[in-house]
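# Structure at a glance
So you can see what is in the structure, the chains are spelled out below.
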Amino acid sequence: METKDIIFELRKQNNLTQSQLAEKAFVTRQAVTKWESGESIPNTETLKILSKLFSVSINTLLGSPRKLICQCCGIPLDDSSISKEPDGTFNEEYCKWCYTNGDFAYKDMNVLIDFLTEHMSNDQFPKEQAKAYFEEQIPKLNHWKENK
């Protein structure tokens with residue numbers, strides 16, 4: 001889906017007129033009309049407002065152009081698993097289990113690797129194989145590269 005269709009659908013789902021959405025987003029009704037016709041897209045600050053207003057990520061508003069993964073544990077992210085900042089805005093870098101209310105749940109990479117190994121291993125993905133996989137992949141994620 002394109003941004004114009006997503007904004008239109010979210011506005012309708014929330015029973016808002018273009019004028020009401022414009023007021024909540026601090027823009028003109030004409031701006032909303034342009035978004036919904038595909039003539040323009042909201043600027044970054046307005047995307048943040050719409051994200052918070054509709055409880056969807058900016059990635060979703062833009063039609064999910066990026067495949068998001070948690071930069072702490074590596075799980076795929078969608079709007080139900082993306083973390084939020086203390087002010088309620090989405091943080092599209094992390095899942096809600098690794099980053100909550102402005103704080104990281106995992107301060108030690110080995111603790112995370114042990115947790116993932118325990119919970120992600122199964123008959124097809126034995127513990128030894130899982131641990132080796134996580135030991136190779138987790139250090140490549142931005143959170144752990146930045147915190148070395």
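Read on for a plain summary of the structure.

Let's shift gears to the nonpolar core. Within the largest apolar cluster, 21 residues are counted, with the highest numbers of intra-cluster contacts made by C70, C72, C73, C98, L112, I138 and W144. Breaking this core down by element, the ones donating at least two residues are β2 (90-95), α6 (109-120) and α7 (127-137). Element by element, the count of residues in this core is highest for α6, at four residues. Non-local contacts of C73, meaning those with residues more than four positions away in its chain, are made with C95, C98, L112, L116, I138 and L141. One finds L21, A22, W35 and L50 within the second-largest nonpolar core, a separate group that totals 15 residues.

Moving on: the packing of aromatic side chains. As enumerated under the stated definition, the model contains seven aromatic pairs in all. The interplanar angle of 45 degrees and the centroid separation of 5.9 Å between the aromatic rings of Y106 and F115 together place this pair among those described as tilted. Taken together, Y94, Y99 and F104 form an aromatic cluster joined through their ring pairs. The aromatic ring of F90 is capped on one face by K84, whose charged end is 4.9 Å from the ring centroid.

In this structure the tally under the stated criterion is eight salt bridges. Measuring nitrogen to oxygen at the nearest pair gives 3.3 Å for the salt bridge that ties K48 to E45. With a gap of three residues between them, K48 and E45 both fall in helix α4 (residues 44-54), about one helical turn apart. Its relative accessible area of 41% is what places K48 among the partly exposed residues. A salt bridge links D114 to K131; its shortest N-O distance comes to 2.9 Å.

Rules of the game
Residues numbered from 1 in each chain as written. Predicted model: local features only at pLDDT ≥ 70, side-chain atom pairs only at ≥ 80, totals over all residues. Heavy atoms only, no water. Core = buried A, V, L, I, M, F, W, Y, C linked by side-chain atoms within 4.5 Å. Buried < 20%, exposed > 50% of the residue type's maximum accessible area, 1.4 Å probe, protein only. Helix = DSSP H or I, 4+ residues; strand = E, 2+ residues; numbered from the N terminus. Contact = heavy atoms within 4.5 Å. Phe/Tyr/Trp six-rings, centres within 6.5 Å; stacked < 30°, edge-to-face > 60°. Lys NZ or Arg CZ within 6 Å of the ring centre and 35° of its normal. Salt bridge = Lys/Arg side-chain N within 4 Å of Asp/Glu carboxyl O.

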